[in-house]
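Commentary on secondary and tertiary structure
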Amino acid sequence: MGAYDDEEHERRERKNSSVDASFDDDRTDYHGSVDYDSDDSTEELLETFKEIQSD
């Protein structure tokens, strides 16, 4: 392992403490539809959910 580098540590701290939020400016528009096909009743779905949680 190398020697401790105080300047490198400070550089990394400055890099990690800055936030670049410029990527939030571009929003993507999505077009289309979503269909759900489920013949299960609400009770059956809740029972399945409880089984999944218990695992």
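Above this note sits the structure.
The sections below set out a description of the structure shown in this document. (Residues numbered from 1 in each chain as written. Predicted model: local features only at pLDDT ≥ 70, side-chain atom pairs only at ≥ 80, totals over all residues. Heavy atoms only, no water.)

1. What to know about the pattern of salt bridges
Evaluated as defined, the whole model comprises 2 salt bridges. Between glutamate 8 and arginine 11 there is a salt bridge, with its nearest N and O atoms 2.7 Å apart. Linking glutamate 8 with arginine 11, this pair stays in helix α1 (residues 6–17), spanning 3 residues, or about one helical turn. The partly exposed category is assigned to glutamate 8, whose relative accessible area is 25%. Here arginine 11 falls in the partly exposed class, since its relative accessible area comes to 38%. Measuring nitrogen to oxygen at the nearest pair gives 2.8 Å for the salt bridge that ties glutamate 8 to arginine 12. Taken together, the residues glutamate 8 and arginine 12, both in helix α1 and 4 residues apart, mark about one turn of the helix. Overlapping salt bridges bring together Glu8, Arg11 and Arg12 as one network. (Salt bridge = Lys/Arg side-chain N within 4 Å of Asp/Glu carboxyl O. Helix = DSSP H or I, 4+ residues; strand = E, 2+ residues; numbered from the N terminus. Buried < 20%, exposed > 50% of the residue type's maximum accessible area, 1.4 Å probe, protein only.)

These figures come from the coordinates and say nothing about function on their own.
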